Amino acid sequence: MITLDRVLVRQARAVFRKLLGRQAHALSVPLKITAGTGGLALEAVSHQGAARFQQPGSFPASETLQVPFNFLDDCQANRPGEVTLQRERPGTITAQWTDGRVPQIVQYGEAELSKVHEFPELPPAWSSNPPELLAALSAAMETTDPHSTRYTLACILLSGPNGRVAATDGRHIYLHDGFAFGWEDEVLLPANPVIGCRELARDQSVDMGVTKHFLALRTGGWTISLPRQLEGHFPDVDSAIPGPDQITATAYLAREDIEFLRQSLGKLRCEEGLDVPITFDLNGSVVVRCQPFGQPKPLELVLTNSTRDGAEVSFNANRTQLLRALELGLDKLHFATEETPVLWQADNCRYAWAPFSKEEVIPTCKDVIRLASPARGASSVPATVDSRRRPQRVAPANGDHCPTAAQPTVAQPRTVAPMTRKRRATNGKPSGGVDGLIQQAEAVHVSLRQTLLQNRELLKALKQHRRQTRLVRSTLSSLKQLQGIGA
């Protein structure tokens with residue numbers, strides 16, 4: 001008999017599903033569970049890769065059981081609890097656990113499982129790297145193009161001589177240097193979402209090694225083996241990134257401004273199926289200008305604590321690209337020319353994207369909504385941008401005239417009035433009596449109805465976006481196939 005913790009089952013389920021995909025059920029991928037004097041091990045192997053979790057401990061007798069993959073779905077839980085596995089008779093395994101106070105008993109047949117594959121051979125030597133390697137691998141895999149038919153854009157590159165992780169989808173480039181790999185060649189690894197699984201330890205070192213056909217990594221109690229891409233050529237991304245001598249302008253973003261940008265950009269409204277265009281204006285100060293959907297005036301986000309150097313330039317981006325650069329923690333923005341990619345950098349990490357057309361630059365004007373980030377050390381928090389409200393005008397203390405409508409309006413921090421408690425009647429009810437309760441109920445009813453309508457509109461927009469995305473992917477795939485035929 002083998003005893004497992006249901007929380008451990010839940011964590012293992014998340015990693016195995018990321019590695020093997022949802023088709024693991026249809027393919028009858030078996031889950032191998034081994035218990036003995038060396039501890040507990042959970043293992044699954046398929047053509048997409050292999051994963052093994054090992055937990056130290058000791059069991060009185062060595063035993064190995066093979067259960068279907070849906071065993072993890074049946075008994076996983078987010079609260080501690082035991083599940084026991086026992087082979088009642090040859091070919092049948094019984095699992096028992098308790099949901100609340102209700103006992104659960106499920107039987108699984110080993111005869112229904114496909115042939116169990118052996119775990120790939122592990123590397124003879126391992127190289128240790130800091131925990132940030134896992135984040136770098138995850139970011140690189142998000143920059144690949146799984147539908148590409150040219151080069152190896154569906155893979156990431158792990159360069160042994162350079163200690164580099166690199167990836168590109170033809171529109172974006174991600175590079176992270178400074179790692180120590182124990183091989184002398186360049187390894188191509190197809191993207192797999194298991195690397196980004198949050199159940200993997202993010203605060204422990206990562207060991208890596210390669211064999212002829214696999215790349216293996218160890219972190220925490222997990223050992224993951226992924227098949228290598230042995231054919232194909234990775235594009236020369238270094239030639240596409242501007243060098244230091246080509247940089248004409250640089251912006252240095254402060255940490256406070258990065259957080260200010262992330263919060264502000266996340267609240268912008270966009271048209272269905274489209275992203276919000278962004279214009280970076282490095283002209284005297286660092287300004288991000290955008291045109292939210294349905295808002296007549298442009299919005300300017302002034303980065304008070306950030307600085308710039310070099311020429312005065314303006315260039316385009318979109319919200320998705322900018323937010324990704326900010327989430328990667330990149331704080332230096334380099335601009336070379338309109339024909340070269342825009343480069344973000346922080347220490348050994350670089351991220352670049354192809355520039356947009358100069359014609360799409362959002363010009364500055366006098367009639368804008370301007371929101372400045374709080375100065376470093378300031379305790380006040382800027383007011384949230386709301387296109388339905390007009391910023392209040394503050395009467396000047398020196399007797400000057402108030403700014404006219406043609407001048408830029410600046411959103412001022414709102415002053416919160418001191419809270420006062422409402423007086424209550426002696427009988428414990430609000431002072432308004434029954435009429436007051438009815439008014440409160442009607443207000444709640446109206447609020448819930450508005451929330452329901454907004455939820456329906458959001459669901460409709462998401463479905464339409466999904467249809468458009470599938471259509472674009474299908475069209476691009478057809479075009480790429482036609483290009484391959486023409487070549």
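Details of the structure are given in the entry above.
Rules of the game
- Residues numbered from 1 in each chain as written.
- Predicted model: local features only at pLDDT ≥ 70, side-chain atom pairs only at ≥ 80, totals over all residues.
- Heavy atoms only, no water.
- Helix = DSSP H or I, 4+ residues; strand = E, 2+ residues; numbered from the N terminus.
- Contact = heavy atoms within 4.5 Å.
- Salt bridge = Lys/Arg side-chain N within 4 Å of Asp/Glu carboxyl O.
- Buried < 20%, exposed > 50% of the residue type's maximum accessible area, 1.4 Å probe, protein only.
- Core = buried A, V, L, I, M, F, W, Y, C linked by side-chain atoms within 4.5 Å.
- Axes fitted to C-alpha atoms, helices over the stretch in contact; angles between N-to-C directions.
- Left-handed = near helix turned anticlockwise from the far one by under 90°.
- Phe/Tyr/Trp six-rings, centres within 6.5 Å; stacked < 30°, edge-to-face > 60°.
- Lys NZ or Arg CZ within 6 Å of the ring centre and 35° of its normal.

Account for the environment of Cys290, with residues named and values stated.
If you trace the backbone, Cys290 turns up in strand S19 (residues 285-290). In sequence terms Cys290 and Val361 are 71 residues apart; their C-alpha atoms lie 9.4 Å from each other. Setting aside chain neighbours within four positions, we find Cys290 in contact with Leu268, Val276, Pro277, Ile278, Pro298, Leu299 and Ile362.

Got a sec to walk through the pattern of salt bridges? Specific residues and values, please.
A full pass over the atoms with the stated rule returns 16 salt bridges. Note that Arg171 is salt-bridged to Asp169, the shortest N-O span being 3.2 Å. The exposure class of Asp169 is buried, given its relative accessible area of 9%. Several salt bridges share partner residues, and in doing so they unite Arg164, Asp177, Asp238 and Arg350 into one network.

Talk me through the environment of Asn305; I want residue IDs and the actual numbers.
Along the chain, the position of Asn305 falls in the loop between strand S20 (299-302) and strand S21 (307-310). Residue classification places Asn305 among the buried residues on the basis of a relative accessible area of 14%. In this structure the C-alpha to C-alpha distance between Asn305 and Glu256, which are 49 residues apart in sequence, comes to 7.4 Å. Not counting chain neighbours up to four residues away, the residues in contact with Asn305 comprise Ala254, Glu256, Asp257, Ser373, Pro374, Ala375 and Arg376.

Which residues make up the nonpolar core, and what values do they have?
Soluble globular proteins tend to pack their nonpolar side chains together in the buried interior. Judged by nonpolar contacts, the single largest core of 97 residues is most densely connected at Leu4, Phe16, Ile33, Phe71, Leu158, Met208 and Trp344. A per-element tally of this core places helix H1 (residues 6-20) first, with eight residues. With near-sequence residues (within four places) excluded, Phe71 lies in contact with Leu4, Leu31, Ile33, Val83, Leu85, Ala95 and Tyr108. Formed by 11 residues, the second largest nonpolar core is a distinct cluster that contains Cys155, Ile173, Leu188 and Phe234.

An account of the packing of helix H4 (residues 255-265) against helix H5 (residues 319-327) is needed here, citing residue identities and associated values.
Here H4 crosses H5 at 145 degrees, and the two axes come no closer than 10 Å. As H4 runs across H5, the sense of the crossing is left-handed. On the side of H4, the interface is formed by Ile258, Leu261, Arg262 and Leu265, while H5 contributes Arg319, Leu322, Leu323, Leu326 and Glu327.

Can you lay out the packing of aromatic side chains for me, pointing to particular residues and giving the numbers?
This structure, assessed with the given rule, holds 11 aromatic pairs. Judged by centre distance (5.5 Å) and plane angle (10 degrees), the rings of Phe280 and Phe315 are stacked. Within this pair, whereas Phe280 is found in strand S18 (residues 277-283), its partner Phe315 is found in strand S22 (residues 313-318), the two being separated by 35 residues in sequence. Taking the relative accessible area as the measure of exposure, Phe315 reaches 5% and is therefore buried. Ring geometry for Phe315 and Phe335: centres 5.0 Å apart, planes at 10 degrees, overall stacked. Remark: Phe335 occurs in strand S23 (residues 332-335) and Phe315 occurs in strand S22; sequence separation between them is 20 residues. Taken as a pair, Phe315 and Phe335 share a single burial class, namely buried. Through a chain of ring-to-ring contacts, three or more aromatic side chains come together here, namely Phe280, Phe315, Phe335, Trp344, Tyr351 and Trp353. Across the ring face of Phe119, the terminal group of Arg52 is positioned such that the distance to the ring centre comes to 4.1 Å.

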